[in-house]
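# Coordinate inspection notes
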Amino acid sequence: PHAPLFRSGSFRPSSGLWAIRGLSRLYYGAHGDIPVPGDYDGDGTVDPGIFRQSSGLWAIRGISRLYFGGSDDLPVPGDYGGDGTDRIGIFRPLTGLWAVPGITRCYFGRGEDYPVPADYRGVGDEISIFRPASGLWAIRAVSRLYFGTEGDIPQPADFSGSGLTIIS
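Just so it is clear, the structure is predicted and the values come from calculations on it, not from any experiment. (Residues numbered from 1 in each chain as written. Predicted model: local features only at pLDDT ≥ 70, side-chain atom pairs only at ≥ 80, totals over all residues. Heavy atoms only, no water.)

## Quick look at the nonpolar core
- Counting residues in each nonpolar core, the largest one holds 11 residues, listed as Val 76, Tyr 80, Phe 91, Trp 98, Val 100, Cys 106, Phe 108, Ile 127, Ile 129, Leu 136 and Ala 138.
- Mapped onto this core, the elements with two or more residues apiece are strand E10 (97-100) and strand E14 (136-139).
- Not counting the four nearest positions on each side in its chain, Cys 106 is found in contact with Gly 96, Leu 97, Trp 98, Ile 127 and Arg 140. (Core = buried A, V, L, I, M, F, W, Y, C linked by side-chain atoms within 4.5 Å. Buried < 20%, exposed > 50% of the residue type's maximum accessible area, 1.4 Å probe, protein only. Helix = DSSP H or I, 4+ residues; strand = E, 2+ residues; numbered from the N terminus. Contact = heavy atoms within 4.5 Å.)

Here it is, written out as structure tokens:
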């Protein structure tokens, strides 16, 4: 059996440099941009993308440029449709607003919460938060549990290899 191919990448905000180990180096973005890599065209490959908070610009290399969100928003791209294609989305900490064009607009969470959208049940990414003050993990309209404490940084990921995200 072969080990799975693992490619790591980095984004250098000062210059907009994307470096994908063993694959490519390219410049896309500028100082202050937030990297938002994802599979935005559903081809199984991650596409470099940026969110520019100052203007609400989403720029996905070779795919699209559009304006959605603004300076108070955090980017939360994900596979909210459960079809293997990532979509843009924002979380507005001040009000708890989640907005994913064409999918949903709802209020869930508050200012001190970390947005942690992920595929927890095999249905696509779900709106979810981690509240460090209490260790609360909450998946909108699904479940709540307590794991962690003040100062923890949430790391939802498929640690078991099951294809589902595990809270850690």
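Right, picking up where we left off after that structure.
## Structural notes on the confidence of the model for the protein
- Per-residue pLDDT for the protein averages 88, and the proportion of residues at 70 or more is 94%.
- Note that pLDDT drops below 50 for residues 1-6; the model gives that stretch one contact with residues more than four away or on any other chain. (pLDDT = per-residue confidence, 0-100.)

## A short note on the pattern of salt bridges
- The full count for this structure, using the stated rule, is six salt bridges.
- Among the ionic pairs, Asp 33 bridges to Arg 52, the shortest N-O distance being 2.7 Å. In this pair, Asp 33 sits in the loop between strand E3 (24-27) and strand E4 (34-35) while Arg 52 sits in strand E5 (residues 49-52), placing the two residues 19 residues apart along the sequence.
- Residue Asp 33 is classed as buried on the basis of its relative accessible area, which comes to 4%.
- You can call Arg 52 partly exposed: its relative accessible area is 26%.
- Close ionic contact of Arg 121 with Glu 126 constitutes a salt bridge, the shortest N to O distance being 2.8 Å.
- Among the residues examined, Arg 121 registers a relative accessible area of 47% and is labelled partly exposed.
- By relative accessible area, which is 9% here, Glu 126 ends up buried. (Salt bridge = Lys/Arg side-chain N within 4 Å of Asp/Glu carboxyl O.)

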